[in-house]
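Fold and contact review
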Amino acid sequence: MQEFTIDVQQQIAASETPGAEFQALPWARQRVVFFQLPESIQRDVLDDMDRQQVRRFVRRLDPDDATDAIGLLDGDTQEAVLGQLDTDRRERIEFLLKFSPDSAAGMMDLGYVTVDKEQGFEEVARLVRRHEARTGRFPTVLVTDGDEVVGELPGHTLALAGHGSAVITEYLRPAPTVRYEQSDSEVIEVFRANPQSKIVVLDEDDSILGVIYADDLLQAIEEAAGQTLYEFTGVDEQEGVLDGALEKVRRRYKWLIINLGTAFLAAAAVGLFEDTIAALTLLAIYMPVVAGMGGNAGTQSMAVTVRGIALEQISLRTGRRAIGNEVLAGGANGVITGSIVAVIATLFNQSPLLGLVIGIAMVLNLVIAGFFGALVPLVLDRLGYDPATSATIFITTATDVLGFFIFLGLAQIVLL
């Protein structure tokens, strides 16, 4: 089934008429396929469908999924599609569209009912039946004490508990809460601290706005993980694997131009030792080794530091020890890897001095990598920039430029 879905996604992405390709799917497959497509392809699908087709598709979705789909439409089409929906569904979707999709309110669902803690099971059952008749879905039952949420009443208790004199508060389980404006990353942290199936979203006055389900949180966690990977590589988070070549070019060229500028800095460092390389062409073989090891070591230090920043374990003010540890670790790893390269260079090139030069260069470059790999993210975080997005370019520039300068400078001093 998964391979079938992947094949369909690729066919839609490659089609000149993605809407028609999508409409040819049975309804049972449309929802699954649509919400697994990249956002840019989702827009293409909806743009290729007429308003009646969009309305039929949206009308069958849950309000929160329908909100995500309608949010991709232009303003006029949004109004036209909403105007053709029944009043209850339109009002629920218009309510959800008010909130940012990256906030707690943007993730929430409206499938809940509220009951006072003093009410009995008969009243709960009546509210549940009413909600099911209106929406076709079993709701989350939230129990309140005035305006305060005191817990969730699991659905199975309606069948297990005696409706006579049973008190619903005896069957409650905790219901963690978040404010509507909190970011999706903050909601994820609440979920990790309180691994319940649902999180309640509150308004400014602590009234209930909606409920976030575990599957919505899992999707947010997956998106956050993908976003982190994109940030480390300088790729736009909106880019998807199914985007066309021109779209990929548009999203990537600016970052590559910036990297091109830093590459010229490394080239300039190499150019200072043009005569040395001309006299000892063998050095060119080992230059990528020095640069590559420094870049990898710097990325490792950066990853650990960025994680510490995200978990609020470290800042520039408290980072001296962490920077020192990364420098020491870089030096130790440099001794290990540098010794290996030095032995290889000595044996293959019959030159102990070359082995010595490249070994020392490796140690110093990994020390540099550890220093900048820890320092740069802390400085960028202090300046208000996202270190995951922008640190890599500065770290690799430092390890390339200084690594080449040290390696070729030592070679010029020792070997010539």
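This write-up is about the structure you can find in this document. As the structure is a prediction and not an experimental result, all values here were calculated from the model.

The rules behind each value
- Residues numbered from 1 in each chain as written.
- Predicted model: local features only at pLDDT ≥ 70, side-chain atom pairs only at ≥ 80, totals over all residues.
- Heavy atoms only, no water.
- Helix = DSSP H or I, 4+ residues; strand = E, 2+ residues; numbered from the N terminus.
- Buried < 20%, exposed > 50% of the residue type's maximum accessible area, 1.4 Å probe, protein only.
- Contact = heavy atoms within 4.5 Å.
- Core = buried A, V, L, I, M, F, W, Y, C linked by side-chain atoms within 4.5 Å.
- Pairing = 2+ DSSP bridges.
- Axes fitted to C-alpha atoms, helices over the stretch in contact; angles between N-to-C directions.
- Arc of directions from axis to C-beta.
- Polar contact = N/O pair within 3.5 Å; in protein donor to acceptor, adjacent residues only side chain to side chain.
- Phe/Tyr/Trp six-rings, centres within 6.5 Å; stacked < 30°, edge-to-face > 60°.
- Patch = residues over 30% accessible without salt bridge, like charges linked within 9 Å, V, L, I, M, F, W, Y side chains within 5 Å.
- Areas by Shrake-Rupley, 256 points an atom, 1.4 Å probe, with all protein chains shown as cover.
- Salt bridge = Lys/Arg side-chain N within 4 Å of Asp/Glu carboxyl O.

Looking now at the overall build of the protein. From N to C terminus, the protein includes 19 helices and 6 strands. Per-residue burial over the protein gives 43% buried out of 416 residues. Contacts in the protein between residues far apart in sequence, at least 24 positions, make up 65% of those at least 6 positions apart.

Let us look at the environment of Gly373. With respect to the helices and strands, the residue Gly373 is situated in helix α18 (residues 352-382). For Gly373 and Met302, which are 71 residues apart along the polypeptide, the C-alpha to C-alpha distance reads 4.5 Å. In this view, Gly373 contacts Gly298, Ser301, Met302, Thr305, Ile368 and Ile395; residues no more than four positions away in its chain are not counted.

Among the nonpolar cores identified, the biggest contains 25 residues, and Tyr286, Met287, Ile358, Phe407 and Leu408 are the most heavily contacted of them. Dropping the residues within four chain positions of it, Ile358 is found in contact with Tyr286, Val290, Val341, Ala342, Ala345 and Phe407. Grouped together as the second largest cluster of nonpolar side chains are 24 residues, Phe34, Ala69, Leu72 and Ile93 included.

With that out of the way, let us pick up the sheet that holds strand β2 (residues 140-145). Read from one edge to the other, the open sheet built from 3 strands follows the order β1-β2-β3, with strand pairing classed as mixed. Looking at which strands have only one partner, the edges of the open sheet turn out to be β1 (112-116) and β3 (148-153). The sheet shows a mean angle of 35 degrees between the axes of neighbouring strands, taken without regard to direction. Summarising the sheet, β2 and β3 pair through 5 bridges and their orientation is antiparallel. The residue of β3 that forms the bridge with Thr144 is Val149.

Among the residues of helix α3 (residues 27-34), Arg29, Gln30, Val33 and Phe34 are the ones counted as buried. Along the axis of α3, the buried residues cluster in a sector spanning 120 degrees; they form a single face.

We now examine helix α5 (residues 51-59). Regarding α5, the residues found buried are Val54, Arg55, Phe57 and Val58. Projected onto a plane normal to the axis of α5, the buried residues spread over an arc of 165 degrees and lie on a single side. On the buried face of α5, the contacting elements are α2 (18-23), α3, α4 (39-47), α6 (63-70), α7 (75-83) and α8 (87-97). N-capping of α5 is provided by Asp50, with a side-chain oxygen placed 3.1 Å from the backbone N of Gln52.

In this section: the packing of aromatic side chains. For the structure shown, the criterion picks out 9 aromatic pairs. On the basis of an interplanar angle of 65 degrees and a centroid distance of 6.0 Å, the ring pair of Phe99 and Tyr180 is categorised as edge-to-face. With Phe99 in the loop between α8 and α9 (104-107) and Tyr180 in the loop between β4 (177-179) and α12 (184-193), the pair connects residues that are 81 residues apart, well separated along the chain. Under the relative-accessibility criterion, Phe99 is labelled buried at 17%. The interplanar angle of 70 degrees and the centroid separation of 5.5 Å between the aromatic rings of Phe273 and Phe405 together place this pair among those described as edge-to-face. Here Phe273, found in the loop between α14 (245-271) and α15 (274-279), pairs with Phe405, found in helix α19 (residues 387-415); they are 132 residues apart in sequence, far enough to count as distant.

This part is about unusual backbone geometry. Positive phi, normally seen in glycine, also occurs at Gln350, with a value near 55 degrees. Mapping Gln350 onto the fold places it in the loop between α17 (320-349) and α18. Relative accessible area serves as the criterion here: at 66%, Gln350 is assigned to the exposed category.

This part covers a nonpolar patch on the surface. A surface patch of nonpolar side chains, amounting to about 640 Å² of accessible area, comprises Ile336, Ile340, Val343, Ile344, Leu347 and Phe348. Here Leu347 shows up in helix α17. You can call Leu347 exposed: its relative accessible area is 57%.

Inspection of every chain in the model, using the stated rule, returns 4 salt bridges. The partner of Lys117 in a salt bridge is Asp145, and the shortest N-O contact between them spans 3.3 Å. Of this pair, Lys117 sits in the loop between β1 and α10 (121-135) while Asp145 sits in strand β2, and the two are 28 residues apart along the sequence. Looking at Lys117, the relative accessible area reads 28%, which means it is partly exposed. The exposure class assigned to Asp145 is partly exposed, which follows from its relative accessible area of 35%. As a salt-bridge pair, Lys198 and Glu152 come within 3.0 Å of each other at their nearest N and O atoms. Here Lys198, found in strand β5 (residues 198-202), pairs with Glu152, found in strand β3; they are 46 residues apart in sequence, far enough to count as distant. Accessibility classification places Lys198 together with Glu152 in one group, the buried group. Overlapping salt bridges, with partners in common, bring together Glu152, Arg173 and Lys198 in one network.

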